[in-house]
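Descriptive structure summary
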Amino acid sequence: MTDKLALRTLETGVPGLDTILGGGLPELSFNIIGGAPGSGKTTLAQQIMFALARPDRKALFFTAMGEPPVKMLRYQQLFSFFDVDKVGSEIEFISLAPQVELGDYDAVLAQILDAVRAHAPALVFIDSFRSFIEGARGAQTEVADLQTFVQKLAAHMTTWKATSFLIGEYTSNEADRNPIFTVADGIIWLSQHMQRSAMSRKIQVIKMRGQKQRAGLHPFRIDSGGIEIFPRILPARDAQGAGIRAPATRLSTGVLRLDEMLGGGIPAGYAVLVGGPTGCGKTILATEFLAAGAASGETGVVAVFERDPGQVSNDKLDALVRSGQVGMLSVSVLDLSTDEMLHELIQMIDRTGATRVVLDSLSGFEMAIAPEYREDFRESLYRMVAVLRARGVTLLMTSELEDRYDELRFSANGSSVLVDAVIVQRYVESQCEMHTLIGVIKVRGPRHSRQLRLFEITDEGIVIGEGPAPFDGVLTGAPRRLGA
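Residues numbered from 1 in each chain as written. Predicted model: local features only at pLDDT ≥ 70, side-chain atom pairs only at ≥ 80, totals over all residues. Heavy atoms only, no water.

Details of the overall build of the chain
Counted only if it meets this: Secondary structure elements follow DSSP: runs of H or I no shorter than four residues count as helices, runs of E no shorter than two count as strands, and numbering proceeds from the N terminus. The contact criterion used throughout is that any non-hydrogen atoms of two residues lie within 4.5 Å. We get accessible surface area from the Shrake-Rupley algorithm with a probe of 1.4 Å; when it comes to residues, only the shown protein chains can shield them.
Per the secondary structure count, the chain includes 15 helices and 24 strands. Within the chain, residue pairs in contact and separated by at least 24 positions form 69% of the contacts whose partners lie at least 6 positions apart. Just so you have it, the chain exposes about 22,300 Å², and 50% of that area is on carbon and sulfur atoms.

Below, the structure written as structure tokens:
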């Protein structure tokens, strides 16, 4: 019996790409990078090329009727991955435009073969292959001719022992009728979506022979470093709850009366939602939760969506951040994707070893993400909570609510069903004075208080009443003070 041929993979150098490919790019594979104009195809191809090219792994980059090499180099050198020392030695740029204009497949193929024989590359890129096909048709317009040409090109690429890429502006419905998709080993698709005034970019691995790619659309960004991909994060099926501490372990919220109302504190590994109207003290409560962890030697992380780090509104949280006991992730970028934020959050959790995490607030988070992602915000939040829960952290999220006084609401987007515990705050007016109430609506598993108690922020900290607040009819929208 013969041994199985080992499938070697190459690290592409594009953050996140190896993950969605299923472990890297298969060596000697024949790949298509497709998408609409401006979606980032050429940037992705060149980022891969500059990362992989080296003296013993040379690259050829053919340009057809797209951008000429000089113009392409002028703009690509603005990216940090561009290495001018590799151009002319490890990387060669060759224009096919004169032969493409002749409209003869054989002439174009002959030029490619001559260049490959002269340079013996391990990497071959043709950009834009669609323009090349359209321009090379001439009198040879039969589909059979095109299919024969593609098959010859693919066969030659295999004999060259080269990993090859055909870059083109294809449309998503061409896969059923374009012969090039049949012979390709891998298909990577880039797209950009406009909704209102916001643009989001996504990448998908449609096909990758021999590997289990990560399914779905993955958001990515283009900045000075090139392309960075944020693969969709899903908790492993066998890791659900693996990191959660024993159910008997309870964590203090930093407010003794609230711990009592919760039945002894927050069970470790739980996700908790604190909902209430603006100014009721949600951030102060979250700060006490982080401070209690710091006092017991735990590290925390807070993701802030509504202000900059230099504008933190309470001194205690500022001191915790400056001391290094709490890491702060300030999300001020608009048109964010859920996966992008989750990647940054997980990186900070891993870097700091955090066991307590605060998201302040879900309302600000929803405003920060691109409109396209708001449509499935609830589903994304479910996935995010599941991922963090599987890592064993205890999560506290705040949510801004419009206090309608005549109904009891726990979240603005139905997220209360996604968490293990719900704490609600609301206002009551009596004798022209505003009072804040707090209650524990839900704690999964253990018993908890069902009382609505007075909640007050003083110079000494948070003060919660010993028993039920002296009001009746709070949930009817027309409360009355008992004994009045």
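Regarding helix 2 (residues 41-52)
Basically, it comes down to this: In this analysis, the expected span of each helix is defined as 1.5 Å times one less than the number of residues it contains. Buried means the residue's accessible area, taken with a 1.4 Å probe over protein chains only, is under 20% of the maximum for its type, while exposed means over 50%, and partly exposed covers the values in between.
Under the 1.5 Å per step criterion, the end-to-end length of helix 2 is 17 Å for 12 residues, consistent within 8% with the ideal 16 Å. Most of helix 2 sits out of view: 11 of its 12 residues are buried. Those residues of helix 2 that sit buried are K41, T42, T43, L44, A45, Q46, Q47, I48, M49, F50 and L52.

Quick notes on the nonpolar core
We count it as follows: Only buried Ala, Val, Leu, Ile, Met, Phe, Trp, Tyr and Cys residues count toward a nonpolar core, and they belong to the same one when joined by side-chain atoms within 4.5 Å.
The biggest cluster of nonpolar side chains holds 35 residues, and the ones touching the most others in it are M341, L345, L359, F365, L388 and M397. Going through the elements one at a time, strand 14 (271-276), strand 15 (300-304), helix 12 (338-352), strand 17 (356-360), helix 13 (362-368), helix 15 (377-390) and strand 18 (394-400) are the ones with two or more residues in this core. With sequence-adjacent residues up to four places away left out, L359 is seen in contact with A303, F305, L345, M384, L395, L396, M397 and T398. Counting 34 residues, the second largest nonpolar core, distinct from the first, contains L44, L52, M72 and L190.

Regarding the sheet that holds strand 14
Condition: Think of it this way: DSSP has to see at least two bridges between two strands before they count as a pair. For every element, the axis is a line fit to its C-alpha atoms; helices are fit only across the contacting stretch, and the angle between N-to-C directions ranges from 0 to 180 degrees.
Reading across from one edge, 16-15-17-18-14-19-20-21-22 is the order of the 9 strands in this open sheet, with mixed pairing throughout. Of all the strands in the sheet, just strand 16 (326-330) and strand 22 (461-464) have a single pairing partner and so form its edges. Across the sheet, the mean angle separating the axes of adjacent strands is 20° when strand polarity is ignored. With 5 bridges connecting them, strand 15 and strand 16 associate as parallel partners. Its bridge partner lying in strand 16, A303 is registered against L329. Against the sheet, helix 10 (residues 282-295) touches strand 14, strand 15, strand 16, strand 17, strand 18, strand 19 (421-430), strand 20 (433-443), strand 21 (452-458) and strand 22, its axis set at about 165° to strand 17. The strands touched by helix 11 (residues 315-323) within the sheet are strand 15 and strand 16, with strand 16 carrying the most contacts at an inclination of about 105°.

Comments concerning unusual backbone geometry
Here the bond from D360 into S361 is cis, since omega is 0°, no more than 30 degrees from zero. Following the sequence through the fold, S361 ends up in the loop between strand 17 and helix 13. Positive phi is not limited to glycine here, since A120 has a value of about 50°. By secondary structure assignment, the location of A120 is in the loop between helix 5 (105-119) and strand 6 (123-127). On the basis of relative accessibility, which here comes to 59%, the residue A120 falls in the exposed class.

Considering the pattern of salt bridges
Inclusion rule: In the sections that follow, a salt bridge refers to a side-chain nitrogen of Lys or Arg positioned within 4 Å of a carboxyl oxygen of Asp or Glu.
Enumeration according to the criterion identifies 16 salt bridges in this entry. Put simply, D318 and R322 hold a salt bridge, and the shortest N to O gap is 3.6 Å. One end of the pair, D318, and the other, R322, are both in helix 11, 4 residues apart, so they sit about a helical turn from each other. Residue D318 is classed as partly exposed on the basis of its relative accessible area, which comes to 28%.

A few points about the packing of aromatic side chains
This is how the line gets drawn: Between rings of Phe, Tyr and Trp, where Trp is taken as its six-membered ring, a pair exists when centres lie within 6.5 Å; planes separated by under 30 degrees are stacked, by over 60 edge-to-face, and by other angles tilted.
All told, the structure shown has 8 aromatic pairs when counted by the stated rule. For the pair F79 and F81, a centre-to-centre distance of 5.3 Å together with 10° between the ring planes defines the contact as stacked. What makes F81 buried here is its relative accessible area of 14%. Pairing F305 with F365 gives two aromatic rings, centres 4.8 Å apart and planes at 25°, and the pair type is stacked. Of this pair, F305 sits in the loop between strand 15 and helix 11 while F365 is found in helix 13, placing the two residues 60 residues apart along the sequence.

Concerning the packing of helix 10 against helix 11
Formally: An angle counts as roughly parallel when it lies under 35 degrees, as roughly antiparallel when it exceeds 145, as roughly perpendicular when it falls between 65 and 115, and as oblique in every other case. Left-handed describes a crossing in which the near helix is turned anticlockwise from the far one by less than a right angle; the clockwise case is right-handed. Put simply, Ala, Val, Leu, Ile, Met, Phe, Trp, Tyr, Cys and Pro go in the nonpolar bin, Asp, Glu, Lys and Arg in the charged bin, and everything else, Gly too, in the polar bin.
Where helix 10 meets helix 11, the closest approach of the two axes is 10 Å, and the angle between their N-to-C directions is 40°. By the angle between their directions, the pair helix 10 and helix 11 is classed as oblique. Considering the relative orientation of helix 10 and helix 11, their crossing is left-handed. Counted together, T287, E288, L290, A291 and A294 of helix 10 and K316, L317 and L320 of helix 11 form the full contact between these two elements. A per-class count over the contact of helix 10 with helix 11 returns 5 nonpolar, 1 polar and 2 charged.

Structural notes on the pairing of strand 14
Along any regular strand the residues' side chains alternate between the sheet's two faces. Burial analysis of strand 14 places 6 of its 6 residues in the buried class, the great majority of the element. On strand 14, burial covers both faces: A271, L273 and G275 on one face and V272, V274 and G276 on the other are all buried. Bridge count between strand 14 and strand 18: 6 bridges; the pairing is parallel. Within strand 18, the residue paired with L273 across the bridge is M397. Note: strand 14 against strand 19, 4 bridges, orientation parallel. Bridge pairing links V272 to A421 in strand 19.

What about the environment of I91?
Assignment of secondary structure puts I91 in strand 5 (residues 91-95). In this structure the C-alpha to C-alpha distance between I91 and K58, which are 33 residues apart in sequence, comes to 6.0 Å.

Some words on the side chain of S449
Under the convention used in this document: We call two N or O atoms a polar contact when they sit within 3.5 Å, provided that within protein one can donate a hydrogen and the other can accept it, with sequence-adjacent residues counted only if both atoms are side-chain atoms.
Topologically, S449 is positioned in the loop between strand 20 and strand 21. Owing to a relative accessible area of 14%, S449 belongs among the buried residues under this scheme. There is a polar contact of 3.1 Å between the side chain of S449 and the backbone nitrogen of Q451.

Focus: the confidence of the model for the chain
What counts, and what does not: Per-residue confidence from the prediction method is given by pLDDT, with values spanning 0 to 100.
Per-residue confidence for the chain gives a mean pLDDT of 83, with 81% of residues at or over 70. When the criterion is pLDDT under 50, residues 239-246 qualifies, and its contacts beyond four places in sequence or with other chains add up to 17 contacts.

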